[in-house]
Amino acid sequence: AVLEIVRGGSAHVLPQEMQRFFSRVMGMLRSPDEAERERALEVLAEEAVLQELVPYLALFIYEEVKDSQQDLHALTMVVRTVESLLSNQSLRLEFNMHQVLPALLSCVLGRLRPPPGDVSHWEL
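Nothing here was measured: the structure is a model prediction, and the numbers come from that model. (Residues numbered from 1 in each chain as written. Predicted model: local features only at pLDDT ≥ 70, side-chain atom pairs only at ≥ 80, totals over all residues. Heavy atoms only, no water.)

A. Examining the overall build of the protein more closely. On a plain count of helices and strands, the protein comes out with 5 helices and 2 strands. Starting at the N terminus and ending at the C terminus, the protein contains elements arranged as β-β-α-α-α-α-α. Across the 124 residues that make up the protein, the buried fraction comes to 36%. A separation threshold of at least 6 residues defines the contact pool for the protein, and within that pool the share at least 24 residues apart is 65%. Taken as a whole, the protein presents about 7,700 Å² of accessible surface, with 56% of it coming from carbon and sulfur. (Helix = DSSP H or I, 4+ residues; strand = E, 2+ residues; numbered from the N terminus. Buried < 20%, exposed > 50% of the residue type's maximum accessible area, 1.4 Å probe, protein only. Contact = heavy atoms within 4.5 Å. Areas by Shrake-Rupley, 256 points an atom, 1.4 Å probe, with all protein chains shown as cover.)

Here is the structure:
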């Protein structure tokens, strides 16, 4: 699958190497293995070559929140992903904040319905 984002009538296609890197990091973020997820978050917080992926990461964040409204684990991972991206001093996120901020606000203000007696939603 080719990763492509269309803006202003022109398409931006990621080089294959960056597509593979993006797919690997997304797989790590969705992994059931906590160590894999932590490693993905470290990569997002430290790698200097991620700028080209920022629009795709912003879209991932937006889509993940939209598709996971009742999944506390997935929403927590989204918030941690944003935290990692914000801590990466090499990235300029301001051009994609219009996608990231509504997703974060949905996490904070959304109507997450935990089972009765479960207060784990406050961790989010």
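The structure having been displayed, the exposition proceeds.
B. How the structure looks around the confidence of the model for the protein. Here the protein averages 84 in pLDDT, and 79% of its residues register 70 or above. Averaged pLDDT values over the elements of the protein bottom out at 56 in strand S1 (residues 4–7) and peak at 96 in helix H2 (residues 34–46). (pLDDT = per-residue confidence, 0-100.)

C. Representation of the packing of H2 against helix H4 (residues 72–87) in the model. The geometry of H2 relative to H4 is characterised by a closest axis approach of 7 Å and an angle of 30° between their N-to-C directions. On the basis of the axis angle, H2 is roughly parallel to H4. For the pair H2 and H4, contact is made by Glu-34, Arg-37, Glu-38, Leu-41, Leu-44 and Ala-45 and by His-73, Met-77, Arg-80, Thr-81, Ser-84, Leu-85 and Ser-87, respectively. Residue composition of the contact of H2 with H4, by class: 5 nonpolar, 4 polar and 4 charged. (Axes fitted to C-alpha atoms, helices over the stretch in contact; angles between N-to-C directions. Parallel < 35°, antiparallel > 145°, perpendicular 65-115°, else oblique. Nonpolar A, V, L, I, M, F, W, Y, C, P; charged D, E, K, R; others polar.)

D. Spatial organisation of empty space enclosed by the protein. What the rule picks out here adds up to 2 cavities of 30 Å³ or more. If you trace the largest cavity, you find it lined by Val-54, Leu-57, Ala-58, Ile-61, Leu-85, Leu-93, Asn-96 and Val-100. When residues in the lining of the largest cavity are grouped by element, the largest group, 4 residues, is from helix H3 (residues 54–67). For the lining of the largest cavity, the class distribution of residues is 7 nonpolar, 1 polar and no charged. For the second largest cavity, the calculated volume is near 40 Å³. (1 Å grid on protein atoms, 1.4 Å probe; cavity = no way out; pocket = protein on both sides within 12 Å on 5 of 7 lines; lining within 4 Å. Points joined across faces, edges and corners; volume = space filled by probe spheres on them.)

E. Region of interest: the environment of Lys-66. Inspection of the secondary structure puts Lys-66 in helix H3. A relative accessible area of 45% places Lys-66 in the partly exposed class. Between the C-alpha atom of Lys-66 and that of Ser-106, which follows or precedes it by 40 residues, the distance is 8.6 Å. A distance of 3.2 Å separates the side chain of Lys-66 from the side chain of Glu-63, its partner in a polar contact. (Polar contact = N/O pair within 3.5 Å; in protein donor to acceptor, adjacent residues only side chain to side chain.)

F. Highlighting the environment of Ala-58. Secondary-structure assignment places Ala-58 in helix H3. Assessed through its relative accessible area of 2%, Ala-58 is described here as buried. Sequence spacing of Ala-58 and Gln-99 is 41 residues, and the spatial spacing of their C-alpha atoms is 6.0 Å. The contact partners of Ala-58, leaving out residues within four places of it in the chain, are Asn-96, Gln-99 and Val-100.

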